[in-house]
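The primary structure of each chain is shown beneath.
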Amino acid sequence: MLTKFETKSNRVKGLSFHSKRPWILASLHSGVIQLWDYRMGTLIDRFDEHDGPVRGVHFHKSQPLFVSGGDDYKIKVWNYKLHRCLFTLFGHLDYIRTVQFHHEYPWIVSASDDQTIRIWNWQSRTLMSVLTGHNHYVMCASFHPKEDLVVSASLDQTVRVWDIGALRKKTSSPADDILRLSQMNTDFFGGVDAVVKYVLEGHDRGVNWASFHPTLPLIVSGADDRQVKLWRMNDTKAWEVDTLRGHMNNVSCVFFHARQDVIVSNSEDKSIRVWDATKRTGIQTFRREHDRFWILTAHPEMNLLAAGHDSGMIVFKLERERPAFSVSGDSLYYVKDRFLRLYEFSTQKDTQVIPIRRPGSAALNQGPRTLSYSPTENAVLICSDVDGGSYELYIVPKDSMGRGDTVQDAKRGVGGSAVFVARNRFAVLEKSSNQVLVKNLKNEIVKKSVLPVAADAIFYAGTGNLLCRAEDRVVVFDLQQRLVLGELQTSFIRYVVWSNDMENIALLSKHTIIIASKKLEHRCTLHETIRVKSGAWDDNGVFIYTTLNHIKYCLPNGDNGIIRTLEVPVYITKVSQNTVYCLDRDGKNLAVAIDATEYVFKLSLLKKRFDQVMSMIRSSELCGQAMIAYLQQKGFPEVALHFVKDERTRFNLALESGNIQIAVASAKEIDKKDHWYRLGVEALRQGNAGIVEYAYQRTKNFERLSFLYLVTGNIDKLSKMLKIAEVKNDVMGQFHNALYLGDIRERVKILENAGHLPLAYITAAVHGLHDIAERLAADLGDNVPSLPEGKSHSLLIPPSPIMCGGDWPLLRVMKGIFEGGLDNVGRNAQEEDEEAADADWGEDLDIVDVENMQNGDIGMVLEDGEVHEENEEGGWDLEDLELPPELDTPKTSSHARSSVFIAPTPGMPVNQIWTQRSSLAAEHAAAGNFDTAMRLLSRQLGISNFAPLKPLFFDLHMGSHTYLRALSSSPVISVAVERGWSESSSPNVRGPPALVFKFSQLEEKLKAGYRATTAGKFTEALRIFLSILHTIPLIVVESRREVDEVKELIIIVKEYVLGLQMEVKRREVKDDPVRQQELAAYFTHCNLQLPHLRLALLNAMTVCYKARNLNTAANFARRLLETNPTNENHAKTARQVLQAAERNMTDASPLNYDFRNPFVVCGATYVPIYRGQKDVSCPFCSSRFVPSQEGQLCTVCDLAVIGSDASGLLCSPSQIR
């Protein structure tokens, strides 16, 4: 049993399938009637006008009607399109058990607990006939599918068959008066429309259901005696044929299956049973845990059944309907009606090849499931579920092709699934041991391989390879090397379809399609709400698949769409150009023509085959909102532009693709203020000043116009704008224009006219217009404002433009394939010749010549029509204010069409390229990405204090850019400077940034540090060494050898910094002689250059000798002499100290210093950490510290956090490669 759909609801008492749509009606014990779409699994509608349970429901075959009967004694006829009950039929006096429409006449038959069966006319809404005779509740009544018979079942233990032939004669119009007269008589005397033909007695208890066989003169009934009885009838009598026993409780419903020779019954024993109608034995039983079954129904056209139970209903099939098939080149091998058949795609010839053995048992679902074919050996493997999974191997004899009559004995075996993996080898899955047995054509095992996953099915995956399916994944397994070649997590996969070149694979599960490569690298996943049935790859690498009701396509990037709708589900076998070959559920081969234009077009766009796209646009009827939206979404607005007639959409697409010419044309058609405004914004972005000006003029946007003239430096037009503002009496506009022009007198005049005398006075006084200022002071009298003391004023005068800016100089860009090509669509040949003559496009790219443009003169900003209007209000006294006529839009140059400027798509900023390619902090800082630089340093070296690095970051950023001044009014342009740039290098390949810090500079600094140390300038030396330490994180070197040198340098510098810090500290603690001696002693243990070590030893010896610590002083003297000092005085002093100490080898004060025990000095507390004691270190400079310092800032380098995790110094691209 294959469950297709299940619902959870109240008890289901009535069910009816729609004949055409995937709908089912379920009437519930609660009084609700539900309408479900079983294909989508959704509740479409519910009807609840009945009081109490609704036991019967039935769809009309062709009208949008259904009928229902309930415990409220009412029969209701509903129109599901109008979502309401049309009328109610009254007449029954008790519960109504079943209702049914006649397949041909406008009749309804109903059965009721009032012991009658009634036949109604739903068109005239009248009762036609009452069938009386039963003497207990009538449990069901139904029309015969072809003849004029009604069968009914009752709790009076009988089944009755009624002849309603007279009723039919009565409804068909009488031929003559005599008939009419006799009819009047029958009406008058209560005639007999329906007579009992047979009464079938045999059940011991009440009968719940009876139904006719669709074609044979058979009746089946089910009763409370738990038996299903089979009856046969002829013209004169009816008799019992057989009894089917097996149900454990009342049989509630039973009928003959229309397509298979079986009887299906269900019962209150919570089971559905399937019986063989000829052998009259039980084939199969399906049980539910807790739910009694009440009703069964079959789909009138399809192989679907439905059953209602206590908590809902199920829609199911008894057997799979998918034919087993295998495609090999031009042939399709498939199984139909116990024969292996061959279909050739090219000739569409279908032949029978060999018969196939029937399975021994009559059980369901024992037919072939899969078929595998080896073309060289002409061998076929057929797998089925017989014996829990088995296979049969047939060798197709060459000569029997077409005859198909010789039954040959197949080689058999047990196994979950079997497929050919090579010419004469096939693999069989043995589920129990989870291994694959490779066998030869004699059915002998050649080798065994244990599978890497617990597989429940195997599929072919190329010669010698298997695709193994587990619950949650699929694996490609190489049988030779026993290796897993690829693995992919998936939902449960049902079918596998390889592309023709075996490079791609489609994995089909119930509701998803996963496209992957042959190594199972995931490409895309598609989800379908309706079940996916089959699929095949077409020649272009597009996957064509079917759901229950559509043929669809899936492009390599996951875009999908519908190709056509299907009436019935089909299984695709092959796709060739515009034909889809498929098998239907009856095993018929169909060739379905499809229109591949849409998906080929999308594929061409995806693969950037623009020439193909062009020819398709020219020739085909591709159009529609969906296609425009798709093109727009995929970034091809310029292509979409050529499909669109609607001006608004054209305008939007033109703006999106930067095509100003089309945008201007559309804006003129639409002529709405917001469209002109958006056109102005886009034209401004492209620097097309003429169009911007035109757009602003059209919207009378004087403020923007003034500002445009200011930024383009057009003083003449600004002056005219000032006059216009005066005429329009717009004081603010006048003031702005005067401000833009830098016209001080005008500003003072405006302020004065507006009554702002103090402001006018200050403006005049500050700008040195003393005559006006004095006149205004006189007018103001005592209220003359005072200028603030001690403030220097700056004048509000804009810089005078050097040159008047027209349109921006435009880059030459190669015309996109679509611009040039699509412009020709629909033009005549002559124009195309002209176009060819102007093919050298882009020469005169000044699309609009501002100066000589008809509407270039702002003097024309007002149209004639407006002049009259304004005159009525009192007037303009300016002569030259006529606006241009409507049609004079800015004229483009002679062959504008071929020189349309397409703004080049902005490339990626260089600094973004730098940061994307690099993990070196210095390069991120140079690109200006300081936060990522800081994150990198923190990760690599544990640095948390960036204050010392801030100036270095700025230096790097400034140093890797150079800055160009253009015009005084335009911003400075920054240009990235690349490392190792040469004239021969490609302009498209970006090098890394040029960096200001070099390793050689650090070597120079190191020498300077040494010199300062030798001269005893300790603070100066400390500053130099620290600056080296701070620069090292931002150094970039080329080779691995240099990386080692940088790391060496850190150690050298760190030792000096530590030593010099201790020496500086020693000079500060003058009043603590013991600490002084200790620090001097530790200094001698830093890793210093020999001259500096000698000086440190001399220094320590002197300090200890003075403090009478003769023993320690002697140790320093000895060490000093061991270095062979070049300065004779030093050696002499050391010898004298040794002699003095030998007389008295004692120390006056004990020190925390044991020169015999090796140690390192803590960089923070300056105490020795002897070998074997715990310590922590700085991740950058590697200085050592006592454990209590962990988490503090390193006192040596002043950058990193002591003891933090870090990945290590990264200062060369060679470390990353």
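Residues numbered from 1 in each chain as written. Predicted model: local features only at pLDDT ≥ 70, side-chain atom pairs only at ≥ 80, totals over all residues. Heavy atoms only, no water.

1. Quick look at the pairing of strand β41 (residues 457-460)
Of the pairings in the sheet, the one linking β41 to strand β42 (residues 465-469) comprises four bridges and is antiparallel in character. When the sheet's bridge partners are listed, I458 is paired in β42 with C468. Counted between consecutive antiparallel strands, the loop separating β41 from β42 contains four residues, among which G462 sits at a positive phi close to 95 degrees. (Pairing = 2+ DSSP bridges. Helix = DSSP H or I, 4+ residues; strand = E, 2+ residues; numbered from the N terminus.)

2. Some points on the sheet that holds strand β9 (residues 84-89)
Here we have four strands laid out as an open sheet, ordered β6-β7-β8-β9, and antiparallel in their pairing. Only two strands of the sheet have a single neighbouring strand rather than two, namely β6 (54-59) and β9. Pairs of neighbouring strands in the sheet enclose a mean axial angle of 20 degrees, with direction left out of account. As defined by bridge partners, strand β7 (residues 65-70) adjoins strand β8 (residues 75-79) across five bridges and the pair is classed as antiparallel. Residue pairing in the sheet places F66 in a bridge with W78 of β8. (Axes fitted to C-alpha atoms, helices over the stretch in contact; angles between N-to-C directions.)

3. Here we look at the sheet that holds strand β33 (residues 368-374)
Hydrogen bonds between backbone atoms are what pair the strands of a sheet, whose relative direction is either parallel or antiparallel. Spatially, four strands are ordered β33-β34-β35-β36 in an open sheet, and the strand pairing comes out antiparallel. At either end of the open sheet lies a strand with only one pairing partner, and these are β33 and β36 (411-414). Strand-to-strand twist of the sheet, defined as the mean angle between neighbouring strand axes without regard to direction, takes the value 20 degrees. Summarising the sheet, β33 and strand β34 (residues 379-384) pair through six bridges and their orientation is antiparallel. Note on β34: the bridge partner recorded for P368 is S384.

4. What about the pattern of salt bridges?
On inspection of all chains with the given rule, the structure shows 43 salt bridges. D114 is paired through a salt bridge with R118; the nearest N and O atoms lie 3.8 Å apart. R118 matches D114 in its accessibility class, with the two residues each being buried. The partner of D1175 in a salt bridge is R1184, with the nearest N and O atoms 2.5 Å apart. Residue classification places D1175 among the partly exposed residues on the basis of a relative accessible area of 27%. Residues joined by salt bridges that share partners form a network here, namely E6, K8, R288 and D291. (Salt bridge = Lys/Arg side-chain N within 4 Å of Asp/Glu carboxyl O. Buried < 20%, exposed > 50% of the residue type's maximum accessible area, 1.4 Å probe, protein only.)

5. A word on the packing of helix α28 (residues 1090-1106) against helix α30 (residues 1128-1143)
At a minimum axis distance of 11 Å, the contact between α28 and α30 shows a crossing angle of 35 degrees. As α28 packs across α30, the resulting crossing turns out to be left-handed. Contacts between α28 and α30 involve L1095, L1098, M1101 and Y1105 from the former and H1130, T1133, A1134, V1137 and A1140 from the latter. Classifying every residue of the contact of α28 with α30 by side-chain character gives seven nonpolar, two polar and no charged. (Left-handed = near helix turned anticlockwise from the far one by under 90°. Contact = heavy atoms within 4.5 Å. Nonpolar A, V, L, I, M, F, W, Y, C, P; charged D, E, K, R; others polar.)

6. A few points about the UniProt feature "repeat: WD" (unreviewed entry) in the chain
Per the UniProt entry, the sites bearing "repeat: WD" (unreviewed entry) are residues 47-88, 89-130, 131-164, 200-241 and 244-285 in this numbering. Helix makes up 0% of residues 131-164 and strand makes up 59%, while its end C-alpha atoms are separated by 10 Å. (UniProt positions renumbered as here; feature names shortened; annotations may be inferred.)

7. Things to note about the packing of aromatic side chains
Per the counting criterion, the structure on display carries 32 aromatic pairs. Each ring, one from F66 and one from W78, has its centre 5.7 Å from the other, and the planes form 10 degrees; the classification is stacked. Taken together, the residues F66 in strand β7 and W78 in strand β8 connect sequence positions 12 residues apart. With respect to class, F66 is no different from W78; both count as buried. Note on F543 and Y545: the rings are 6.1 Å apart at their centroids and 15 degrees apart in plane angle, and the pair reads as stacked. (Phe/Tyr/Trp six-rings, centres within 6.5 Å; stacked < 30°, edge-to-face > 60°.)

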